[in-house]
Amino acid sequence: MKRIICIAMLAVAFTGCDFKSGRIENTKELSREIKASQIKRVTNVQLISSADEWGKKIAQIAEKSLKGELEKNPDTGLAHCRDLSGIPVIAALEKEYGVKVELFGINDVKRADLHAKEREILDAYAYSAKSNTQAGDNLQQLNDSLLVYNAPVAAGSVICKKCMASQDTTFAVWRLLFNKKEIIRKLDAKQLKD
């Protein structure tokens, strides 16, 4: 009788286990989430260095993917100039790095929803475009939680010619908005440089 009760209890225990839930399959994602939530000591220099490195890489990939869309599908490519999240590569970058990717032109210089420091930077990029001088990439801290990385697009690029065709000055800048919490969350503590 005891044997039957034990077998019945084991049967009930095994039927209660859900082996098809994907628990075993999600271990890689779970370990990534655990690693991201570990406590890390990140200095401001490390944070800025990581944002600068990521910004360069993201701007290059975003530019390459938008160029590809504009050359491959000229008609639908123009819609991507305003909404970059429609390009799968850029949407994946936004998700992977926790960054907001946008392409700004001369019309965005006076946007009221931008931080004052950001409007000044865009104004400087517009001035350098008007005077045909070369401007470099820029990383600025907007407040306690946000960093913005700007990278100008070459005036002769297909992006400037197609996306900013209606402007007086051919001018385009990549705007990558980073949240510090997301940067820290994505950093691998073992790979941080001192």
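Going by the structure above, here's the rest.
Parameters and conventions
- Residues numbered from 1 in each chain as written.
- Predicted model: local features only at pLDDT ≥ 70, side-chain atom pairs only at ≥ 80, totals over all residues.
- Heavy atoms only, no water.
- Helix = DSSP H or I, 4+ residues; strand = E, 2+ residues; numbered from the N terminus.
- Buried < 20%, exposed > 50% of the residue type's maximum accessible area, 1.4 Å probe, protein only.
- Pairing = 2+ DSSP bridges.
- Salt bridge = Lys/Arg side-chain N within 4 Å of Asp/Glu carboxyl O.
- 1 Å grid on protein atoms, 1.4 Å probe; cavity = no way out; pocket = protein on both sides within 12 Å on 5 of 7 lines; lining within 4 Å.
- Points joined across faces, edges and corners; volume = space filled by probe spheres on them.
- Nonpolar A, V, L, I, M, F, W, Y, C, P; charged D, E, K, R; others polar.

With respect to the helices and strands, the residue Asp 123 is situated in helix H6 (residues 116-130). You can call Asp 123 partly exposed: its relative accessible area is 40%. When the C-alpha atoms of Asp 123 and Ile 106 are compared, they prove to be 8.3 Å apart, with 17 residues separating the residues in sequence.

Side-chain direction in a regular strand flips from residue to residue, so the side chains alternate between the two faces of the sheet. Burial of strand S4 (residues 173-179) is extensive: six of the seven residues sit out of reach of the surface. Summarising the sheet, strand S1 (residues 99-104) and S4 pair through six bridges and their orientation is antiparallel. From the neighbouring strand, Leu 103 faces S4, where its bridge partner is Trp 174. Where strand S3 (residues 146-152) meets S4, seven bridges bridge the pair, whose relative direction is antiparallel. Within the sheet, the bridge partner assigned to Leu 146 lies in S4 and is Asn 179.

Here we come to the pattern of salt bridges. One pass over the full model with this rule turns up seven salt bridges. In this structure, Lys 67 and Glu 63 form a salt bridge, with 3.8 Å as the shortest nitrogen-oxygen distance. Of this pair, Lys 67 and Glu 63 are both found in helix H3 (residues 44-72), four residues apart, which corresponds to roughly one turn of the helix. For Asp 108, the salt bridge goes to Arg 111, with nearest N and O atoms at 3.4 Å. When salt bridges with common partners are traced through the structure, they connect Glu 102, Glu 118 and Arg 175 into a single cluster.

This part covers the layout of surface pockets. Considered as a void within the structure, the second largest pocket measures approximately 310 Å³ in volume. Residue lining of the second largest pocket: 22 residues in total, with Gln 134, Ala 135, Pro 152, Val 153 and Ala 154 positioned closest to the centre. Residue assignment for the lining of the second largest pocket shows that the elements contributing at least two residues are H3, H6 and S3. For the lining of the second largest pocket, the element with the most residues is H3, which contributes four residues. Its residues assigned to classes, the lining of the second largest pocket shows twelve nonpolar, seven polar and three charged.

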